Amino acid sequence: RQTGLEIRFTRDILRDLPHARGLLYISAMEGLGSAALLAMAWGVPVIASRVGGLPEIVRDGETGFLVGND
């Protein structure tokens, strides 16, 4: 809200990714990160938590951004 950007939550990522301007993927624990992989395949920028397998697929500053959950 502070950024002025519209944020939408989805239950159908395949329907919404073609219209997305970015994917914010905040998670406390993550195995593979399928949603991040899908977004990257669609060319959608990813901002993801630095947890689980996400740092293996999102290269910070290269293919997306990794953040702490604080």
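Calculation rules
Residues numbered from 1 in each chain as written. Predicted model: local features only at pLDDT ≥ 70, side-chain atom pairs only at ≥ 80, totals over all residues. Heavy atoms only, no water. Helix = DSSP H or I, 4+ residues; strand = E, 2+ residues; numbered from the N terminus. Rg over C-alpha atoms; globule rule 2.2 N^0.38 Å. Contact = heavy atoms within 4.5 Å. Areas by Shrake-Rupley, 256 points an atom, 1.4 Å probe, with all protein chains shown as cover. Lys, Arg positive; Asp, Glu negative; His and termini not counted. Charge placed at Lys NZ, Arg CZ, Asp CG, Glu CD. Core = buried A, V, L, I, M, F, W, Y, C linked by side-chain atoms within 4.5 Å. Buried < 20%, exposed > 50% of the residue type's maximum accessible area, 1.4 Å probe, protein only. Patch = residues over 30% accessible without salt bridge, like charges linked within 9 Å, V, L, I, M, F, W, Y side chains within 5 Å. Salt bridge = Lys/Arg side-chain N within 4 Å of Asp/Glu carboxyl O.

### Regarding the overall build of the protein
Link 1 in the chain: Helix and strand counts for the protein come out as three helices and three strands.
Link 2 in the chain: Going from N to C terminus, the protein has its helices and strands arranged as α-β-α-β-α-β.
Link 3 in the chain: A globule of 70 residues ought to have a C-alpha radius of gyration of about 11 Å, and the protein, at 12 Å, matches this closely.
Link 4 in the chain: For the C-alpha atoms alone, the extent of the protein along its principal axes is close to 30 × 25 × 25 Å.
Link 5 in the chain: Long-range pairs, those at least 24 residues apart, make up 21% of the contacts in the protein with a sequence separation of at least 6.
Link 6 in the chain: Accessible area of the protein: about 5500 Å², with a carbon and sulfur share of 55%.
Link 7 in the chain: Charge separation in the protein, taken as the distance between the mean sites of 7 positive and 8 negative side-chain charges, equals 7 Å.

### Observations regarding the nonpolar core
Link 1 in the chain: Judged by nonpolar contacts, the single largest core of 13 residues is most densely connected at Leu23, Ala36, Ala39, Val46, Ala48, Leu54 and Val58.
Link 2 in the chain: Going through the elements one at a time, β1 (23–25), α2 (34–41), β2 (46–49) and α3 (54–57) are the ones with two or more residues in this core.
Link 3 in the chain: Not counting residues within four places of it along the chain, the set of residues in contact with Leu23 comprises Ile13, Ala35, Ala36, Ala39, Val44, Pro45, Val46 and Ile47.

### Brief notes about a nonpolar patch on the surface
Link 1 in the chain: Taken together, the side chains of Leu24, Ile26, Ile47 and Phe65 make up a nonpolar region of the molecular surface, amounting to roughly 400 Å² of accessible area.
Link 2 in the chain: Topologically, Phe65 is positioned in strand β3 (residues 65–67).

Distances and angles like these do not, on their own, reveal function.
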